[in-house]
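Here is how the chains run, residue by residue.
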Amino acid sequence: MATTPPSPLPHLPLGELEGVDEATWLDVIQKMDEVYSKLVSDEVELEEKNAQLEQSQQFIFSLLSAMSDVLIACNQEGVIEETNAALCELVGQTEEALRGSPVLSLLADEQSVQRWRLAMYHSASREGTVVEINLRGADGQVVAVDLNCTPRHNSAGRQVGRVLVGRPLGELKRAYHQLREAHDALKLAQQQLLHSEKMASLGRLVAGVAHELNNPISFVLGNVHVLQRYGTRLGRYLEALHELELPPEMQALRADLRIDRLLKDLPSLMEGTLEGAQRTTDIVNGLKRFSTAGHEEVTQVEINAVVDRAILWVRKGTAPGFDIRWSRSPNCFVTGNAGQLLQVMMNLIQNAYDAANTEREQAPQLDISLQCDQRNVHLRFADNGPGISQDHLSRIFDPFFTTKSVGKGTGLGLSISYGIVEQHGGALSVENLPQGGACFMLSLPLPAR
Ligand SMILES: Nc1ncnc2c1ncn2[C@@H]1O[C@H](COP(=O)(O)OP(=O)(O)OP(=O)(O)O)[C@@H](O)[C@H]1O
Ligand SMILES: [Mg+2]
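Keep in mind that what you see is a predicted model, and the values were worked out from it rather than measured.

J.: Would you take a moment to explain the sheet that holds strand 2 (residues 80–83) for this structure?
T.: Sheet strands pair via backbone hydrogen bonds, and the direction of the pair is either parallel or antiparallel. The five strands lie next to each other as 2-1-5-4-3, forming an open sheet whose pairing is antiparallel. The sheet is open, and its two borders are formed by strand 2 and strand 3 (129–136), each paired with just one other strand. Within this sheet the neighbouring strands show an average axis-to-axis angle of 30°, counted without direction. When strand 3 meets strand 4 (residues 142–153), the two strands line up antiparallel, connected through eight bridges. Of the residues in strand 4, the one forming a bridge with V130 is N148.

Below, the structure written as structure tokens:
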């Protein structure tokens with residue numbers, strides 16, 4: 001601010017100066033000098049304060065404009081004293097129009113009026129009351145807003161009104177929804193990571209066990225075959241010997257050692273041993289298939305045909321009347337081994353039948369569907385069985401996990417299937433259906449074009 005400095009010595013008519021001595025004059029001049037310099041320093045201070053005030057005003061204005069949350073500062077009567085751009089945009093009014101108008105005039109319904117009054121009342125004594133109210137939006141629509149209402153005090157500490165800060169609930173809900181989705185995706189990724197880590201370490205363990213068992217079991221099996229042949233020959237020889245007239249001590253030894261009973265039992269003992277050895281070999285082969293990449297022949301395999309064959313074989317086996325609805329998708333080729341893929345499909349279909357074929361009124365049913373997108377083939381096997389209990393879900397692909405009785409299931413079917421699908425670059429997963437029943441989802445990559 002430009003100022004004109006006052007003249008240090010005002011011009012006085014000579015007549016009025018008569019009778020004033022020189023010392024008094026000097027005193028007056030000195031006082032006037034002091035007053036003048038005080039005036040100048042006050043002026044400078046005032047200008048500095050003015051500049052600071054302008055700066056803080058500008059700062060507050062920029063804060064208010066940049067805030068994405070709506071802000072209302074009102075007095076004790078609920079009359080708006082200050083607001084920001086976010087509220088102006090939300091209600092479609094200018095700051096000038098809003099200043100001086102009651103908050104009540106922005107509310108969309110009677111319920112919001114009641115809530116607003118309660119919030120004004122409670123926030124007088126409590127810090128931060130949260131209130132959800134409906135405002136009349138710019139386009140005439142009702143906008144639900146979550147406002148935090150806190151008391152406002154003046155420099156003397158007296159309560160002079162309220163400050164309300166908040167944002168439209170739609171935005172909050174959207175943000176919450178996004179957060180939940182991100183959280184769910186993260187949890188799923190973590191589960192998948194844990195699962196694939198578990199399957200990888202199981203694969204290594206199983207590969208080691210299968211490797212160690214492979215040699216002993218193959219010579220047990222080989223030797224049992226030879227023993228069976230030897231047993232048959234020895235039996236024939238002893239039978240021929242018994243036709244002859246043997247000395248009494250030999251007859252006694254025959255009775256004592258119960259040779260006749262032994263000869264009778266021998267074939268079934270050998271058969272049982274052979275069957276056990278054969279089953280052990282099958283298990284070891286299954287374990288090897290679960291854990292090793294396998295060197296099976298790889299061709300272009302048409303998936304519809306594989307599913308057709310799997311249905312045929314399961315029906316020919318234990319499930320002749322199994323009601324299967326099968327929705328195909330023509331010409332779905334993947335690169336892989338037809339035999340292994342058939343094994344996967346057969347196990348999924350057989351499992352569905354075993355699960356659904358219980359003493360219930362409903363006959364077993366299975367819906368199989370095939371779909372191809374740009375990159376993958378997707379197969380779904382949805383049955384009407386009892387589904388899979390929560391604590392079984394995490395173990396269902398583990399080797400030897402079975403709920404079937406001894407001799408009916410080895411618990412290797414799904415673990416081998418999982419290994420085969422992984423070797424084909426695909427994925428096998430399971431979920432329970434809302435209407436009941438289990439749904440296995442199998443995806444396999446389409447050949448690169
Ligand atoms: N569709 C399904 N519905 C309900 N439970 C299922 C289903 N498929 C598999 N299961 C459960 O998963 C277990 C493991 O299945 P998996 O195919 O690995 O072995 P299995 O069928 O028991 O024996 P195997 O296949 O070796 O004859 C089954 O015993 C059963 O409890
Ligand atoms: Mg099975």
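J.: Help me understand the domain arrangement of the protein in this model?
T.: How big an interface is tends to be stated in terms of accessible area lost as the parts join. Partitioning the protein into structural domains gives domain 1 (14–63), domain 2 (71–172), domain 3 (188–291) and domain 4 (299–445). Placing a centre on the C-alpha atoms of domain 3 and another on those of domain 4 gives a separation of 32 Å. Between domain 3 and domain 4, the buried area comes to about 1,100 Å², and carbon and sulfur atoms account for 67% of it. If you look at where domain 3 meets domain 4, you find zero salt bridges. Its residues assigned to classes, the side of domain 3 that touches domain 4 shows six nonpolar, two polar and three charged.

J.: Hey, could you run me through the coordination of the magnesium ion (ligand 2) in this one?
T.: As a benchmark, a tetrahedral metal site with four donors has ideal angles of 109.5 degrees, while an octahedral site with six donors has ideal angles of 90 or 180 degrees. Protein coordination at the magnesium ion (ligand 2) comes from N347 (OD1) and N351 (OD1), with a distance range of 2.2 to 2.4 Å. Taken together, the positions of N347 and N351, both in helix 10 (residues 338–356) and four residues apart, correspond to about one turn of that helix.

J.: Got a minute to help me understand the packing of helix 10 against helix 12 (residues 413–423) in this structure?
T.: The packing of two helices is summarised by the inter-axis angle and the distance between the axes. At a closest axis distance of 9 Å, the pairing of helix 10 and helix 12 adopts a crossing angle of 140°. Overall, the two elements helix 10 and helix 12 adopt an arrangement that is oblique. For the crossing formed where helix 10 meets helix 12, the hand is left-handed. Together, Q340, Q343, V344, N347, L348 and N351 of helix 10 and G413, L414, I416, S417, I420, V421 and Q423 of helix 12 make up the contact between the two elements. Among the residues making up the contact of helix 10 with helix 12, the classes are represented as six nonpolar, seven polar and no charged.

Conventions adopted
Residues numbered from 1 in each chain as written. Chains lettered and ligands numbered in written order. Predicted model: local features only at pLDDT ≥ 70, side-chain atom pairs only at ≥ 80, totals over all residues. Heavy atoms only, no water. Pairing = 2+ DSSP bridges. Helix = DSSP H or I, 4+ residues; strand = E, 2+ residues; numbered from the N terminus. Axes fitted to C-alpha atoms, helices over the stretch in contact; angles between N-to-C directions. Domains from an automatic or database assignment. Buried area = accessible area lost by both parts, 1.4 Å probe. Salt bridge = Lys/Arg side-chain N within 4 Å of Asp/Glu carboxyl O. Nonpolar A, V, L, I, M, F, W, Y, C, P; charged D, E, K, R; others polar. Donors = N, O, S within 2.8 Å, 3.2 Å for Na, K, Ca; no water. Parallel < 35°, antiparallel > 145°, perpendicular 65-115°, else oblique. Left-handed = near helix turned anticlockwise from the far one by under 90°. Contact = heavy atoms within 4.5 Å.

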